[in-house]
Amino acid sequence: MNRRFTWFNATSLTLGFAFLYLPILILIIFSFNESKLVTVWAGFSTKWYASVFNNTAFLDAALVTLKVGVISSTIATVLGTMSGYVMVRGGRFRGRTLFSGMIYAPLVMPEVITGLSLLLLFISIGMDRGVFTIVLAHATFSMCYVSVVVSSRLVSFDRSLEEAALDLGCTPFDAFRSVTLPIIAPAVISGWLLAFTLSLDDLVIASFTSGPSSTTLPMKIFSQVRLGVSPEINALSTLLIGIVSIGVISASLVTKRSAVRRRAQEQQAVGGAA
Amino acid sequence: MPSEKPNQIRFAPWEDTEAVPLIRFRNVVKKFGEFTAIENLTLDIYEREFFALLGPSGCGKTTLMRMLAGFETPTAGEITLDGRDIVPVAPNRRPINMMFQSYALFPHLSVADNIAFGLKRSPMPKSEIAGRVEEMLRLVRLQKFASRKPHQISGGQRQRVALARSLAKAPKLLLLDEPLGALDRKLREDTQFELMDIQEKLGTTFVIVTHDQEEAMTVASRVAVMDEGKLMQVATPDVIYEQPESRYVADFIGDVNLIEGTVAEAEEGGYKLVWADGAPPIHAETDVPLSLGDSCTFAIRPEKIAISTDKPDDRANAVPGKVLDIGYLGNISTYHVQMPNGAIFKASATNSRRLSRRGITWEDEVWLSFTATAGVVLTQ
């Protein structure tokens, strides 16, 4: 393959990245703007960050978001790991394809539909909407992401490790706890981080399932923007971008590191025979 | 030779009608959907035996072993251990341990913790576990590596950790699934003898699954040759090699010349077999009752056939041929000799002299000769 630098490659790369990241870059730059006017640059300042941290409405929303994120991603991780395990280990049973399709369907389901159907469910069973309903909703849609991550790790997991544990006197649950889980832990952790990130920036589903006292940060930002964009929002958004990037990057680092280590071990296992 | 040592009792419980087998398979059938992996199999394995299940891949040997370990349940039939039916017993409650083909060492635990894994889940008091682990490490000579992780040791060492781990709980029966498959040839041979030593020292019953016939012949007290879910022959290695009961067993174990023939004439203790037009008939001694005109197979190992440039007078059988190919293996040479009718016989000769001027070469006219008892007559 020809990998040389050409003007065509450089141009398309620049255009592509500009298309993707220019809006975010502008947002970040203007979050350090001195002026109250969003579109006019008037010098560098961090005062909007200070004002974000003094705005109790924002802080309350951030707290709700964090609470929802931690609880929902934990529930999603437990359920997603269980479903991923069953899909890989359950063997062949009638309707297996249907089941796996149903686990993965929420990945492509429009959020509006997920949100609306959950709203209808909560109303019909008479559940008061609040933090708890957002947690349930987020756990529902992020569970399938965890399931995908965990089951892809389990596919390459040597089944005989579990059999060895059973053979040495473990009950099936003990085998899972003391052998399977420690080995697939990196995938479970990256699944949790992914679920947390998804929960953090969800607006649509949260809007459908939230109650009066439970506004999440994305919802707060959205409602503020409708009244006019303030540099404060820019600062807040910049903080959010930072948190989300850290989440995604660390999730991929965890996965990549463990994959590299695993490959090195496998290579050593082959080479070590000599 | 056991007969030359009258003081030593020969180990052959399978010949003793009073002996009670440790494991009995009775009419065991295993089906996976439509596919029959094990077909009505009955087999006894005795205490202290080193029993080998040998066969090509897909012959059912691994399924048989997995049924012993408890990972598969027979479709029909009974498996007993010490007279107790073990079919309904879960794998973690069987006094049987297994050494896996991939070793299945737990990568997140150290060598010592791997060995202690089963002990921690046994009734053994905590204070004795460390001592037992130490004992197992000494058995496999890995004391120095106790704190290493599995990926920090070599393949051969990993194999020994797997062995130590599966022996730690002192099982009644140890299953070995292709235990030496991942090792290179030299290490494999050393390890075979080490395995035999350990088995003799501990007196544990070993069942080994392998597709490597040399390995089975080396380590086992008895070998079961399997094909398509059936036992073809169960016997000691020397019987399997020298007195195969069928063409399949003769062909599967070692090199063999299989000659199709028909009985032309009964002789003293055997028959005269016609096998090719124009070729001298084969004189074969056998106990197999045959009548005139029966077709049968005469199986003879290449090393039982002598090759010479002149016709020998003292042998019951001598056939002329032409050397087609010579396979030089260092210790022996195998000659492929074409008979007048086109059939190719293999004869091997030990290269007992270094750099000797080899008398026989390609295209040479030679004589192949063998005695009347050198081969076996097979009807299956």
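Residues numbered from 1 in each chain as written. Chains lettered and ligands numbered in written order. Predicted model: local features only at pLDDT ≥ 70, side-chain atom pairs only at ≥ 80, totals over all residues. Heavy atoms only, no water.

**Quick word on the sheet that holds strand E4 (residues 76–81) of chain B**
All names here are of chain B.
Here is step 1 of the chain: If you trace the four strands from one edge of the open sheet to the other, you get E2-E1-E4-E5, paired in antiparallel fashion. Since the sheet does not close on itself, it has two edges, and those belong to strand E2 (35–45) and strand E5 (84–85), each with one partner.
Here is step 2 of the chain: Pairing of E4 with E5 involves two bridges; the strand directions are antiparallel. Paired with Leu81 across the strands is Arg84, a residue of E5. (Pairing = 2+ DSSP bridges. Helix = DSSP H or I, 4+ residues; strand = E, 2+ residues; numbered from the N terminus.)

**A word on the UniProt feature "domain: ABC transporter" (unreviewed entry) in chain B**
Here is step 1 of the chain: Annotation from UniProt places "domain: ABC transporter" (unreviewed entry) at residues 23–253 of chain B.
Here is step 2 of the chain: Between the C-alpha atoms that bound residues 23–253 of chain B there is a distance of 26 Å. The span itself is 36% helix and 26% strand. (UniProt positions renumbered as here; feature names shortened; annotations may be inferred.)

**What to know about the UniProt feature "transmembrane region" (unreviewed entry) in chain A**
Residues and elements named next belong to chain A.
Here is step 1 of the chain: Those residues carrying the UniProt feature "transmembrane region" (unreviewed entry) are residues 12–32, 61–82, 103–125, 131–150, 179–200 and 233–254 in this numbering.
Here is step 2 of the chain: Helix makes up 90% of residues 12–32 and strand 0%, and the two end C-alpha atoms of the span are 30 Å apart.
Here is step 3 of the chain: Measuring from the first to the last C-alpha atom of residues 103–125 gives 24 Å, for a span that is 70% helix and 0% strand.

**Comments concerning helix H5 (residues 185–202) of chain B**
Counting along an α-helix, one turn takes 3.6 residues, and residues three or four places apart therefore face a common direction.
Residue and element names in this part refer to chain B.
Here is step 1 of the chain: Between its first and last C-alpha, H5 extends 26 Å over 18 residues, near the 26 Å set by a 1.5 Å rise per residue.
Here is step 2 of the chain: Looking at H5, one finds that the buried residues are Arg188, Thr191, Gln192, Glu194, Leu195, Ile198 and Gln199.
Here is step 3 of the chain: Summarising the contacts, the buried residues of H5 are in contact with strand E3 (50–54), helix H3 (126–139), helix H4 (155–167), strand E7 (173–177), strand E8 (205–210) and helix H6 (213–219).
Here is step 4 of the chain: After H5 finishes, the residue Gly203 shows a positive phi value of roughly 70°. (Expected span 1.5 Å × (residues − 1). Buried < 20%, exposed > 50% of the residue type's maximum accessible area, 1.4 Å probe, protein only. Contact = heavy atoms within 4.5 Å.)

**Focus on the UniProt feature "domain: ABC transmembrane type-1" (unreviewed entry) in chain A**
Here is step 1 of the chain: With numbering aligned to this structure, UniProt lists the feature "domain: ABC transmembrane type-1" (unreviewed entry) at residues 62–254 of chain A.
Here is step 2 of the chain: The span residues 62–254 of chain A is 80% helical and 0% strand by assignment, and the distance between its end C-alpha atoms comes to 26 Å.

**So, a nonpolar patch on the surface**
Here is step 1 of the chain: A surface patch of nonpolar side chains, about 610 Å² in accessible area, is lined by A:Leu22, A:Leu25, A:Ile26, A:Ile29, A:Trp41 and A:Phe44.
Here is step 2 of the chain: By the secondary structure assignment, A:Ile26 is in helix H1 (residues 7–30). (Patch = residues over 30% accessible without salt bridge, like charges linked within 9 Å, V, L, I, M, F, W, Y side chains within 5 Å. Areas by Shrake-Rupley, 256 points an atom, 1.4 Å probe, with all protein chains shown as cover. Salt bridge = Lys/Arg side-chain N within 4 Å of Asp/Glu carboxyl O.)

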